[in-house]
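Structural description and commentary
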Amino acid sequence: MLNSTVVGRIDVTPELMILRVRPDDGVPNFIPGQYVALGMLGGTPRYPGAAPEPEAPGPEKLIKRAYSIGSSPEQRDYLEFYIAVVPTGVLTSRLATVKEGGRVFCQPKVTGTFTLDGVPPGKNLVLVSTGTGLAPFMSMVRTSSTWGSNRRVTVIHGVRYPEDFAYSYELRTLETSTQGLEYLPIASRAAETWSGRKGRVQRLFDDGTVKLNPEMDHVFLCGNPAMIEELEVSLATQGFQVHSKKSPGNLHVEKYW
Ligand SMILES: Cc1cc2nc3c(=O)[nH]c(=O)nc-3n(C[C@H](O)[C@H](O)[C@H](O)COP(=O)(O)OP(=O)(O)OC[C@H]3O[C@@H](n4cnc5c(N)ncnc54)[C@H](O)[C@@H]3O)c2cc1C
């Protein structure tokens, strides 16, 4: 069942990790924005200090959860994931113990419709994330087909503390080297002395930092469901419609729970 090897691990903070996973059968084809299931066996020890879990799974049970792929499909050596360790979490309290060289399950089938497929080439992208909801957007900005046709791409990343800004170095570097990319990090619980943007991602729309045009922009929302529900309501009043296969729109959403 454990069909993949962890080939890289970066601990952003004790609660946030980047895992690079190499499936034995090779990296599957996928579209930026899609996800796979990762899994571990119930018998895997949880990290020391994990909060009690609702119900302990059987030792042979494969615990699986969905994770957005953060790497580009052009990266053929591994799939990258950006994962929050939930102290009460059944899977992440076990995934937190995995080291480089460790084995995990990675579902060969890739799924998901939170992609740029429904976005015409000339339209701008406003990619709004909280926490690990940044992962699918990393895959998008790391992929060459996202760029072109003078498209503007705004990446908004909302976190609690400034140390939670994983990928900020890469995004700032990309911002300098890529025409049309704007990176807007914002922290809701930053210290008074912190000089960056403070507040929730919603603030950037309320105070006019991000100005939207429903004719030109496609907005993507990913991460915490409370942020998504709140923005869905306010964006609906500005002419944004939730996208689905049956009814194409300019507002795309991926709730993590
Ligand atoms: C399509 C999809 C893609 C996802 N991609 C990612 C991803 O790229 N990275 C990621 O970290 N998670 C992602 N998730 C969430 C992930 O599937 C798990 O729910 C999460 O890792 C918790 O699993 P667990 O077994 O440890 O917790 P469980 O025991 O299943 O507890 C679930 C609870 O954990 C909390 N929770 C879930 N996800 C998060 C999170 N990301 N940050 C903080 N708290 C959370 C919520 O309170 C939720 O009710 C995704 C979910 C979906 C549906």
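The structure reproduced in this document is the subject of the present report. Throughout, a residue's number is its position along its own chain's written sequence, starting from 1. Predicted model: local features are reported for residues with pLDDT of at least 70 only, side-chain atom pairs are reported and counted for 80 or more only, and whole-chain, interface and lining totals are derived from all residues. The side-chain numbers reported here are obtained from all heavy atoms of the structure, hydrogens and water having been left aside.

By the secondary structure assignment, Gln34 is in the loop between β2 (16–23) and β3 (35–41). Two N or O atoms count as a polar contact when they lie within 3.5 Å, although within protein this holds only if one can serve as hydrogen donor and the other as acceptor, and sequence-adjacent residues are included solely when both atoms are side-chain atoms. A polar contact of 2.9 Å, which involves the side chain of Gln34, links it to the backbone nitrogen of Ile31. We call two residues in contact when some of their heavy atoms are within 4.5 Å. Contact partners of Gln34, with chain neighbours within four places excluded, come to Ser68, Ile69, Val110, Thr111, Gly112 and Thr115. Helix and strand assignments come from DSSP, with helices taken as H or I runs of at least 4 residues and strands as E runs of at least 2, each series counted from the N terminus.

Moving on, we get to the sheet that holds β2. DSSP bridges decide pairing: two strands pair if at least two such bridges lie between them. Taken in spatial order, the six strands line up as β4-β3-β6-β1-β2-β5 in an open sheet, and their pairing is antiparallel. With one partner strand each, in any of the chains shown, β4 (62–68) and β5 (79–84) form the two edges of the open sheet. Neighbouring strand axes in the sheet, compared pairwise and without regard to direction, differ in orientation by 40 degrees on average. Pairing of strand β1 (residues 4–13) with strand β6 (residues 103–106) involves two bridges; the strand directions are antiparallel. Residue pairing in the sheet places Thr5 in a bridge with Arg103 of β6. In this analysis an axis means a line fitted to C-alpha atoms, helices contributing only their contacting stretch, and an angle means the value between N-to-C directions, from 0 to 180 degrees.

Taken in spatial order, the five strands make up an open sheet running β9-β8-β7-β10-β11, and their pairing is parallel. A strand with exactly one partner marks an edge of an open sheet, and here the two such strands are β9 (181–187) and β11 (251–255). Between one strand axis and the next, the sheet turns through 10 degrees on average, direction left out of account. Packed on one face of the sheet, helix α3 (residues 168–177) meets β8 (153–159) and β9 and runs near 150 degrees to β9. Along the sheet, helix α5 (residues 225–236) contacts β7 (124–130), β10 (217–223) and β11; its crossing angle with β11, the most-contacted strand, is approximately 160 degrees.

This part takes up the pairing of β1. Relative to β2, β1 runs antiparallel, the two being bridged by eight bridges. Note that in β2 the partner of Arg9 across the bridge is Leu19. What sits between β1 and β2 in their antiparallel hairpin is a turn of two residues.

A few words on the site of the ligand. Near the ligand, the surroundings consist of 19 residues, among which Arg65, Ala66, Tyr67, Leu91 and Thr92 are the closest. Measuring from an oxygen atom of the ligand, one finds a side-chain N or O atom of Arg65 at 2.8 Å. Here a nitrogen atom of the ligand sits 3.0 Å away from a polar atom, N or O, in the side chain of Thr132. Using a 1.4 Å probe, the Shrake-Rupley method yields the accessible areas, and only the shown protein chains count as cover for residues. Computed on the free molecule, the ligand has an accessible area of 880 Å², of which 76% lies beneath the protein chains in the complex. Here a cavity is any set of points on a 1 Å grid over the protein atoms alone where a 1.4 Å probe fits but cannot get out, and a pocket is any open set with protein on both sides within 12 Å along at least 5 of 7 lines; a residue lines the site when it has an atom within 4 Å of a point. A molecule is said to be in a cavity or pocket once over half of its atoms fall within 2 Å of that pocket's grid points. Here the ligand is seated within the largest pocket. Of all the elements in the fold, those that place two or more residues in the shell around the ligand are β4, β5 and β11. To be near a molecule or strand, a residue needs just one of its heavy atoms within 4 Å of it.

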